[in-house]
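# Structural overview for review
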Amino acid sequence: MIETLGTARAFGGVQGVYRHASSATGTAMTFSVFVPPHDAGARLPVLWYLSGLTCTHANITEKGEYRRACAEQGVILVAPDTSPRGAGVADDPGYDMGQGAGFYVDATETPWAPHFRMRTYIEDELPALIAAHFPVDLARQGVTGHSMGGHGALTIALRDPGRFRSVSAFAPICAPSDCPWGHKALGGYLGEDRTTWRAYDACALIEDGARLPELLVDQGADDAFLAEQLHPERLEAACAKAGIPLTLRRQPGYDHSYYFVSTFLAEHVAWHAARLKG
């Protein structure tokens, strides 16, 4: 069951925001879905968008400027939340762990394990829910995301390459095992055994044999987090060694914000659509 929180007409389609009781997280979870105009009975390709630290579904829904492109390309876009939320859900005083910062992992450590099961939520529960309520064709899925969500998009796709026909990212955290955000989150959620971190590190997954047909990554050259947290050069090196075609576009003058994401999101939608048709 899903609860409709609101819908609005946009570019001939419908932008909706919805809520449901999640068995994976044990909390209510909110997500948004844009369904473009389509023929009755048609099943459409779906693009998953995973958001970054501190974000909810609302950031991309309100700032992403993707609806015209999705309407033109005939692609559904789904934007989940980034973590469980609410009373009784563990949190951290910082912005980079806890509510708003689930890192798309299934936590194993106290106090996170009871609710922070975002891997199960994104990989299993939400796709089944979307398929039951919206006209999606799960044989034609793409995934993208920003920052922490870019990390999520890359790692989810690398762990299950048969699920996605297309994968892209905006300023992803490419090697969380080797950056401050990742040290805190992966250590906190998974414990100090770093071998367990590798399933949530794109570069480590590639080193361990995971493969994708190709990747598209946009990175702002003036991103304040570039040097310390994101490390696209490590993804570039890992892909080169593994023979994964990577298009890494370093965009001069752009930062880490939704001004950056919204500038290039329509291009990503079109790139995904070209790989999701047929």
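An account of the accompanying structure is given in this report. As the structure is a prediction and not an experimental result, all values here were calculated from the model.

This paragraph deals with the environment of Ser-83. If you trace the backbone, Ser-83 turns up in the loop between β5 (76-80) and α3 (118-133). Judged by relative accessible area, Ser-83 falls into the buried class, the value being 0%. For the pair Ser-83 and Glu-3, spaced 80 residues apart in the sequence, the C-alpha separation amounts to 18 Å. Those residues in contact with Ser-83 that lie beyond four places of it in its chain are Met-29, Gly-98, Gln-99, Gly-100, Ala-101, Gly-102, Phe-116 and Met-118.

On to the sheet that holds strand β2 (residues 13-21), then. The nine strands are arranged β1-β2-β3-β5-β4-β6-β7-β8-β9 in an open sheet whose pairing can be described as mixed. The outermost strands of the open sheet, each flanked by one partner alone, are β1 (3-10) and β9 (246-251). Shown here is a sheet whose adjacent strand axes are inclined to one another by a mean of 20°, direction ignored. The pairing of strand β7 (residues 166-170) with strand β8 (residues 215-220) spans three bridges and is classified as parallel. Across the sheet, the residue bridging to Ser-168 is Leu-216, located in β8. In this fold α3 packs onto β2, β3 (28-35), β4 (44-50), β5 and β6 (136-145), with an angle of close to 50° to the strand it touches most, β3. Where helix α9 (residues 258-276) meets the sheet, its contacts fall on β4, β6, β7, β8 and β9, and the angle it forms with β7 comes to roughly 175°.

Within the element layout of this structure, Arg-163 appears in the loop between α4 (148-159) and β7. Buried within the structure, Arg-163 lacks any salt-bridge partner; Asp-160 is the closest side chain of opposite charge, at an N-O distance of 5.2 Å. Apart from residues no more than four positions distant in its own chain, Arg-163 is found in contact with Trp-48, Ile-122, Glu-123, Pro-127, Gln-141 and Ile-156.

Attention shifts here to the nonpolar core. Formed by 89 residues in total, the largest nonpolar core has its most connected members in Phe-31, Val-33, Phe-103, Leu-126, Ile-130 and Tyr-189. For this core, the leading source of residues is α9, giving seven residues.

Here the focus is the pairing of β6. Most of β6 sits inside the fold, with seven of its 10 residues counted as buried. Alignment of β4 against β6, held across six bridges, turns out to be parallel. Paired with Leu-44 across the two strands is Val-136, which belongs to β6.

What follows covers unusual backbone geometry. For the bond running from Thr-110 to Pro-111, omega is 0°, close enough to zero to count as cis. By the secondary structure assignment, Pro-111 is in the loop between β5 and α3. Of note, the phi angle at Thr-54 is positive, near 75°, even though the residue is not glycine. For Thr-54, the position within the fold is in the loop between β4 and α1 (57-63).

With that settled, consider the packing of aromatic side chains. Scanning the model with the defined rule gives 11 aromatic pairs in all. Arranged with centres 5.5 Å apart and planes meeting at 25°, the rings of Phe-116 and Tyr-189 form a pair that is stacked. Of the two residues, Phe-116 is situated in the loop between β5 and α3 and Tyr-189 in helix α5 (residues 180-190); the sequence distance between them amounts to 73 residues. Residue class for Phe-116 comes out buried when judged on its relative accessible area of 1%. Here the aromatic residues Phe-170, Tyr-254, Phe-260 and Phe-264 are joined through ring pairs into a cluster of three or more. Here Arg-67 stacks its cationic end above the ring of Tyr-66, 4.7 Å away from the centre of that ring.

The rules we used
- Residues numbered from 1 in each chain as written.
- Predicted model: local features only at pLDDT ≥ 70, side-chain atom pairs only at ≥ 80, totals over all residues.
- Heavy atoms only, no water.
- Helix = DSSP H or I, 4+ residues; strand = E, 2+ residues; numbered from the N terminus.
- Buried < 20%, exposed > 50% of the residue type's maximum accessible area, 1.4 Å probe, protein only.
- Contact = heavy atoms within 4.5 Å.
- Pairing = 2+ DSSP bridges.
- Axes fitted to C-alpha atoms, helices over the stretch in contact; angles between N-to-C directions.
- Lys, Arg positive; Asp, Glu negative; His and termini not counted.
- Salt bridge = Lys/Arg side-chain N within 4 Å of Asp/Glu carboxyl O.
- Core = buried A, V, L, I, M, F, W, Y, C linked by side-chain atoms within 4.5 Å.
- Phe/Tyr/Trp six-rings, centres within 6.5 Å; stacked < 30°, edge-to-face > 60°.
- Lys NZ or Arg CZ within 6 Å of the ring centre and 35° of its normal.

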